[in-house]
Amino acid sequence: MALCLLLVALVGCGGRTATDRSSTDVQRVLDRRAAAVLAHDAAAYARTGTATGFGNLSAIPLAAWSYRVRGVERSGDTATADVELRYRVRGYDRGPVSAGRTVRLSRDGTAGTWTVDSDRPAKESGQQPWDQGAVRVVRGTHSLVLGVGQSTTALRRFADLADRAVPAVSDAWDGDWSRRVVVVVPRSLEGMAGLLGSPASSYRGIAAVTTGETGGREHAPADRIIVNPDAYGLLGSLGKQVVLTHETTHVATRADTTSATPLWLSEGYADWVGYRGSGRTAAQAAPELAGAVAEGRAPARLPTDEDFGFTADAEALARAYEGGWLACRMIAEQWGEDRLDAFYRSVGTHDDRAGAVEAALHEVLGTTPDDFTARWRSYLRTRLG
């Protein structure tokens, strides 16, 4: 009996640890916090701890918001919780956005209840828009634009561009998708980098990116188009539209983009949709590759995934995008747009990269990698020479 009394303070006679109890108690307070977010109840939210940031997200139309405690480190009356936040935007997200959070809490020694002291992005996770300030929301016909440090007028322009991009993508891509996009416009390049959890230098000169993971339809998460306002603002009207249409294409094709899909195909297809109907010639839209061809430096192979690294030489990166675009443009011209869509989907049905493109070339286009590459090189010389 004495032994059991000694152990109860550590694990309890039933074997339940103090850490287990802390996790349960922290989960309970975070459940109340989540309910307050969904109910837009500032008072209830404040009763769970710090209310910092609650007003920043109040304009976002949320369909779901939940926390899952993955682990708790406790030291006396303080604790640090490793938490997964999952949320969905109403009318836009088929699946949830998932984000790692680090939640610090303290416990009232008398009442024994935990309250939240801070809720921040986990070390390996990017920020969410409300971490950077009050989120302003503008709704379009096919779009929802979330902005921080941006005027309503500026955000409306993004909504207009996105509203033109969605029908353009639907006209080209015959796959099933939501036909709606969420665009996030931070205050600056640094804000974009914060949302992506990467150094700003990784995205300097990149006008926009689309978040999301490959993995097939059943695993396709909610995508976000994240804009770099510094680089985007330097583009002309056509360039701005092409960028939004390109990124919207990634949203549309996400469920059919898997680890088997090479970047020359996913990026090239997105550029093909972006430029489709623009009236731009190959030489106008691919100036870096046109210059290389004119100087006798036409590429001998299709771009590799490594060629698309954001930290690569700017001219080399441009040539990679242009090469992928022209490969997709060639397929659309020589085999037809329906075959291009079918080829894209066929590549994505494979479990891994090895053999995926080769099989799709044979099954959908009736050709081989060597023949396709030779056709592509000839196409470059014809269109860019």
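Nothing here was measured: the structure is a model prediction, and the numbers come from that model.

A.B. asks: Hey, could you go over the overall build of the chain for me, with residue numbers and the actual values?
C.D. replies: A tally of regular secondary structure across the chain gives 14 helices and 9 strands. The buried share of the chain, taken over its 385 residues, is 48%. If you take every contact in the chain between residues at least 6 apart in sequence, the share linking residues at least 24 apart comes to 62%. On the chain, the mean spot of the 44 positive side-chain charges and the mean spot of the 46 negative ones are 6 Å from each other.

A.B. asks: Account for the confidence of the model for the chain, with residues named and values stated.
C.D. replies: Looking at the chain, pLDDT values average 92 and 92% of them are 70 or higher. pLDDT under 50 marks residues 1–16. Its contacts with residues more than four places away, or in other chains, come to 10 contacts.

A.B. asks: Help me get a handle on the domain arrangement of the chain, residues and values and all.
C.D. replies: Domain boundaries assigned for the chain yield domain 1 (20–125), domain 2 (127–253) and domain 3 (258–384). One C-alpha centre belongs to domain 1, the other to domain 2, and the line joining them spans 26 Å. With 20 residues of domain 1 at the contact, the number on the domain 2 side is 22 residues. Across the interface of domain 1 and domain 2, roughly 1800 Å² is buried in total on both sides, 57% from carbon and sulfur atoms. Of all residues in domain 1, the largest losses of buried area upon contact with domain 2 belong to Asn 56, Tyr 92 and Arg 94, amounting jointly to 37% of the total for that side. The interface formed by domain 1 and domain 2 includes 3 salt bridges. Counting across the interface, domain 1 meets domain 2 through 8 residue pairs in polar contact (both at pLDDT 80 or more). Broken down by secondary-structure element, the contributors of at least two residues to the side of domain 1 that touches domain 2 are β2 (78–89) and β3 (97–107). Classifying every residue of the side of domain 1 that touches domain 2 by side-chain character gives 13 nonpolar, 4 polar and 3 charged.

A.B. asks: How would you sum up the layout of surface pockets? Please name residues and give values.
C.D. replies: In this model, the largest pocket occupies a volume close to 1400 Å³. Breaking the lining of the largest pocket down by element, the ones donating at least two residues are β8 (208–210), α7 (237–253), α8 (263–275), α9 (282–285), α10 (287–294) and α11 (314–334). Broken down by class, the residue content of the lining of the largest pocket amounts to 23 nonpolar, 14 polar and 10 charged. Taken domain by domain, the lining of the largest pocket gets at least three of its residues from each of domain 2 (127–253) and domain 3 (258–384).

A.B. asks: Which residues make up the nonpolar core, and what values go with them?
C.D. replies: The biggest cluster of nonpolar side chains holds 109 residues, and the ones touching the most others in it are Trp 65, Leu 326, Phe 343 and Phe 372. Sort the elements by how many residues they give to this core and α11 lands first, with 10 residues. Setting aside anything within four residues of it in sequence, one finds Trp 65 in contact with Ala 34, Val 37, Leu 38, Leu 57, Leu 85, Arg 86, Tyr 87 and Trp 130.

A.B. asks: Any details on the side chain of Asp 271? Residues and values, ideally.
C.D. replies: With respect to the helices and strands, the residue Asp 271 is situated in helix α8. Salt bridges are absent for the buried Asp 271, whose nearest opposite-charge side chain, Arg 329, sits at 11 Å. Side-chain polar atoms of Asp 271 contact the side chain of His 246, separated by 2.7 Å. When neighbours within four sequence positions are excluded, Asp 271 is seen to be in contact with His 246, Tyr 321 and Trp 325.

A.B. asks: Residues and numbers for the pairing of strand β5 (residues 135–139), please.
C.D. replies: Where β5 and strand β6 (residues 143–148) come together, 5 bridges link them in antiparallel fashion. Within the sheet, the bridge partner assigned to Val 135 lies in β6 and is Val 148.

A.B. asks: Before we move on, can you summarise the sheet that holds β6 with the specific residues and values?
C.D. replies: If you trace the 5 strands from one edge of the open sheet to the other, you get β5-β6-β7-β9-β8, paired in mixed fashion. Of all the strands in the sheet, the pair left with one neighbour each is β5 and β8. Neighbouring strand axes in the sheet, compared pairwise and without regard to direction, differ in orientation by 20° on average. Sheet topology places strand β7 (residues 181–185) next to strand β9 (residues 225–227); 2 bridges connect them, and they run parallel. When the bridges of β9 are listed, Val 184 appears paired with Ile 226.

A.B. asks: Lay out α7 in plain terms, naming residues and giving numbers.
C.D. replies: End to end, α7 covers 25 Å across 17 residues, agreeing with the expected 24 Å (1.5 Å per residue, within 8%). Across the 17 residues that make up α7, a large majority, 13, are buried.

Calculation rules
Residues numbered from 1 in each chain as written. Predicted model: local features only at pLDDT ≥ 70, side-chain atom pairs only at ≥ 80, totals over all residues. Heavy atoms only, no water. Helix = DSSP H or I, 4+ residues; strand = E, 2+ residues; numbered from the N terminus. Buried < 20%, exposed > 50% of the residue type's maximum accessible area, 1.4 Å probe, protein only. Contact = heavy atoms within 4.5 Å. Lys, Arg positive; Asp, Glu negative; His and termini not counted. Charge placed at Lys NZ, Arg CZ, Asp CG, Glu CD. pLDDT = per-residue confidence, 0-100. Domains from an automatic or database assignment. Buried area = accessible area lost by both parts, 1.4 Å probe. Salt bridge = Lys/Arg side-chain N within 4 Å of Asp/Glu carboxyl O. Polar contact = N/O pair within 3.5 Å; in protein donor to acceptor, adjacent residues only side chain to side chain. Nonpolar A, V, L, I, M, F, W, Y, C, P; charged D, E, K, R; others polar. 1 Å grid on protein atoms, 1.4 Å probe; cavity = no way out; pocket = protein on both sides within 12 Å on 5 of 7 lines; lining within 4 Å. Points joined across faces, edges and corners; volume = space filled by probe spheres on them. Core = buried A, V, L, I, M, F, W, Y, C linked by side-chain atoms within 4.5 Å. Pairing = 2+ DSSP bridges. Axes fitted to C-alpha atoms, helices over the stretch in contact; angles between N-to-C directions. Expected span 1.5 Å × (residues − 1).

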